[in-house]
Amino acid sequence: EQEVFFNQVSEEYFLLGMRQYSQKEFKPALQSFRRAIESYPMNHRITAAMVMEAKTEYALKNYPGASALCDSLLVQFPTSLYVEDILFTRGMCFYNQGDIHRAFYEMMQTYAIAQQRLNKEHSYRVIENLASEYFSEQQIESAITDTTLPEVKNLFLVILAEKYFQSGNTDEAKSRLDRID
């Protein structure tokens with residue numbers, strides 16, 4: 001555990017960045033978050049500012065940069081309270097870069113650990129979208145077998161039933177719906 005210290009300059013830059021971010025002034029926000037990080041080593045806003053730096057890079061559509069920042073955060077602060085935010089942001093970077101399987105994996109991890117309601121809801125919706133839009137019946141069957149999360153397993157069963165129903169295979173669709181807990 002590294003010791004962190006309160007630093008007023010870091011605090012001011014961080015709060016300025018948050019205001020700018022909320023007003024969708026992403027380039028100035030990015031600079032503010034970077035200044036919050038650089039103003040004092042191991043200040044009390046270091047992880048929050050780094051997370052917001054990654055989210056701002058994402059908002060600017062710099063997905064490789066945002067993803068790299070998330071990687072760095074997970075290495076430097078693996079027990080951070082922001083891990084679910086980091087995983088979600090990195091998952092969205094993968095999604096926007098077309099790496100569907102890595103996006104799916106990140107969203108499953110996010111959903112499994114999420115304490116924040118919005119992270120839980122958003123990761124669930126992304127999982128639903130990825131499975132229904134990009135996964136074959138066989139891939140969904142594998143996901144059903146692999147997951148230990150009952151609500152996600154049920155989601156996959158519904159998606160699979162829909163796919164079978166749309167292809168005219170009503171018996172297979174009903175069979176999947178019968179497996180819902």
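In this text the structure is predicted, and so the values were computed from the model without any measurement.

A. Quick look at the overall build of the protein. Helix and strand counts for the protein stand at ten helices and zero strands. The N-to-C order of helical and strand elements in the protein reads α-α-α-α-α-α-α-α-α-α. If you line up the protein on its principal axes, its C-alpha atoms span 65 × 30 × 20 Å. A total of 181 residues make up the protein; the buried ones form 44% of that total. Sequence separation of 24 or more characterises 54% of the internal contacts of the protein that already satisfy a separation of 6 or more. Accessible surface, the protein as shown: approximately 10100 Å² in total, 52% of it carbon and sulfur. Taking the average location of the 18 positive side-chain charges in the protein and that of its 25 negative ones, the two points are 4 Å from each other.

B. Main features of the side chain of S123. Note that S123 resides in helix α7 (residues 117-134). The class of S123 is buried, set by a relative accessible area of 0%. Of the polar contacts made by the side chain of S123, one reaches the backbone oxygen of K120; its length is 3.1 Å. Once you skip the residues sitting within four places of it in the chain, S123 turns out to touch F88, M107, T110 and Y111.

C. Molecular detail of the environment of F104. Residue placement: F104 occurs in helix α6 (residues 100-113). For the pair formed by F104 and I127, sequence separation is 23 residues and the distance between their alpha carbons is 6.1 Å. With residues up to four places along the chain from it excluded, the contact list for F104 reads I127, L130, F135, A143 and F156.

D. Main features of the packing of aromatic side chains. In this structure the tally under the stated criterion is seven aromatic pairs. Put simply, the rings of F104, F135 and F156 pair up and form one aromatic cluster. The lysine or arginine in question, K120, covers the ring of Y111, its NZ or CZ lying 4.2 Å from the ring centre.

E. Region of the structure containing the pattern of salt bridges. This structure, assessed with the given rule, holds 13 salt bridges. Here E141 ties to R176 by a salt bridge, and the two come within 2.6 Å at their closest N and O atoms. With E141 in helix α8 (residues 137-146) and R176 in helix α10 (residues 170-177), this pair connects stretches of sequence that are 35 residues apart. One salt-bridge network, in which partners are shared between bridges, spans E141, E172, R176 and R179.

F. A nonpolar patch on the surface, seen in detail. On the surface, V158, L177 and I180 cluster together into a nonpolar patch covering about 200 Å² of accessible area. Along the chain, L177 turns up in helix α10.

G. The arrangement of the nonpolar core in detail. If you look at the biggest cluster of nonpolar residues, it comprises 27 residues, and the most contacted ones within it are F104, M108, I127, I140, V152 and F156. Elements represented by at least two residues in this core include exactly α5 (83-96), α6, α7, α8 and α9 (150-166). Residue contributions to this core peak at eight residues, all from α9. Look past the residues within four positions of I140 in its chain and what remains in contact with it is A131, F135, F156, I159, L160 and K163. F14, I37, A48 and I86 belong to the second largest nonpolar core, which has 20 residues in total.

Cut-offs and rules
Residues numbered from 1 in each chain as written. Predicted model: local features only at pLDDT ≥ 70, side-chain atom pairs only at ≥ 80, totals over all residues. Heavy atoms only, no water. Helix = DSSP H or I, 4+ residues; strand = E, 2+ residues; numbered from the N terminus. Buried < 20%, exposed > 50% of the residue type's maximum accessible area, 1.4 Å probe, protein only. Contact = heavy atoms within 4.5 Å. Areas by Shrake-Rupley, 256 points an atom, 1.4 Å probe, with all protein chains shown as cover. Lys, Arg positive; Asp, Glu negative; His and termini not counted. Charge placed at Lys NZ, Arg CZ, Asp CG, Glu CD. Polar contact = N/O pair within 3.5 Å; in protein donor to acceptor, adjacent residues only side chain to side chain. Phe/Tyr/Trp six-rings, centres within 6.5 Å; stacked < 30°, edge-to-face > 60°. Lys NZ or Arg CZ within 6 Å of the ring centre and 35° of its normal. Salt bridge = Lys/Arg side-chain N within 4 Å of Asp/Glu carboxyl O. Patch = residues over 30% accessible without salt bridge, like charges linked within 9 Å, V, L, I, M, F, W, Y side chains within 5 Å. Core = buried A, V, L, I, M, F, W, Y, C linked by side-chain atoms within 4.5 Å.

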